[in-house]
Amino acid sequence: MLYPVIDIGSNTVKIAVLDEELLFKQAPVFFKAVPLNIKSKIRDLRLPDEAVNELAELIKSFVEIGKRLTKNPPIAFATASLRGLLNMDEVLKRVKEVSGISVEVISGETEAYYSFLGARGCVSAKAGISVDLGGGSTELLAFNGNKVVGSVSLPFGCLTLYHAYFDGDHHNTDACEAFIQKHLAEMAPALPGNNILLSGGSAKAVLRYKNILENKKNCTLTNEHFELVSHHFYNGPSAEKQKIEDVLRDRFRLIPPAAAVFTQIMKYYEKDRVLVCRSGVREGCLFHYLEKNQ
């Protein structure tokens, strides 16, 4: 059976229509991502009415897409995009009025758990850390087998780091890395194994950038790969970069902060490679939903 999953993130709002029988084995039957940049529209911890209406209308259009493909209602959740808003209840009420569905605002710990379920569904790693870099937060979850042994939601994502350190002509990689290092030292869980699993759009964007440059298709990133991507981002031929930007679209500008986060995580855990997982938070959310309701 097909299930629509709607994910309201800080940078993009996505719908993935997933086949439960092939959940971790193939790409979504349908996928669409719209860059609303919710995080950048928040003022004084409130999402303005215009942005709320834009979000509500988009969710309504996603609901209509789901109805054309399956009778199952959408499963909808929001992450750091709506967490902590002073008018969160009003936002959720308006979205329900317009779209007809309820959106659950999940905690950072729940987001990390869904990402873990998604990552573990497509790889055989026995122990390690799963990392989901979002627009407004970064979720780390330590696992040993099927047991969660620690998790944390770091208070930054690729979008917040971009605006703080990389927006326009303002590029301050050293300060960004120092900021990430500080939070890892204070909050990161211990690594119970040898594996670091990355999920989410930013990880896939860096991997795709690297694969385009090397003309390869694999799921591993090393320190050398991050150096290659970062060097090309700033120094590569304009025509080449434009072709890659056409592929990555809104994700392209977020390559520097994403690379900074992943390299600092590798440095913190003293590992020289990470694995990018095909599935992540949306697949994990549906897996959890099916386990709970079947």
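Quick caveat: nothing in here was measured; it's all calculated off a predicted structure. (Residues numbered from 1 in each chain as written. Predicted model: local features only at pLDDT ≥ 70, side-chain atom pairs only at ≥ 80, totals over all residues. Heavy atoms only, no water.)

**Brief notes about the packing of aromatic side chains**
The relation between two aromatic rings is expressed through the spacing of the ring centres and the mutual angle of the planes. Enumeration over the complete set of coordinates arrives at 12 aromatic pairs. Measuring from ring centre to ring centre gives 6.4 Å for F77 and Y114, while their planes differ by 70 degrees; the resulting arrangement is edge-to-face. Within this pair, whereas F77 is found in strand 4 (residues 75-78), its partner Y114 is found in helix 4 (residues 108-122), the two being separated by 37 residues in sequence. With relative accessibility at 1%, the residue F77 sits in the buried group. A ring pair is formed by Y165 and F179, whose centres lie 6.1 Å apart and whose planes are at 50 degrees; its orientation type is tilted. A residue pair is termed long-range when its members are at least 10 positions apart, and Y165 in helix 5 (residues 158-166) and F179 in helix 6 (residues 173-187) qualify at 14 residues. Residue class for F179 comes out partly exposed when judged on its relative accessible area of 26%. Of the aromatic side chains, those joined through ring pairs into one cluster are Y209, F233, Y234 and F252. Positioned over the ring face of Y162 is R253, at 5.0 Å from the centre of the ring. (Phe/Tyr/Trp six-rings, centres within 6.5 Å; stacked < 30°, edge-to-face > 60°. Helix = DSSP H or I, 4+ residues; strand = E, 2+ residues; numbered from the N terminus. Buried < 20%, exposed > 50% of the residue type's maximum accessible area, 1.4 Å probe, protein only. Lys NZ or Arg CZ within 6 Å of the ring centre and 35° of its normal.)

**Observations concerning the sheet that holds strand 3 (residues 30-34)**
Read from one edge of the open sheet, 5 strands run 3-2-1-4-5, paired in mixed fashion. Since the sheet does not close on itself, it has two edges, and those belong to strand 3 and strand 5 (104-105), each with one partner. Relative to strand 2 (residues 13-19), strand 1 (residues 2-8) is paired through 7 bridges, and the arrangement is antiparallel. Along strand 2, the bridge assignment pairs I8 with V13. (Pairing = 2+ DSSP bridges.)

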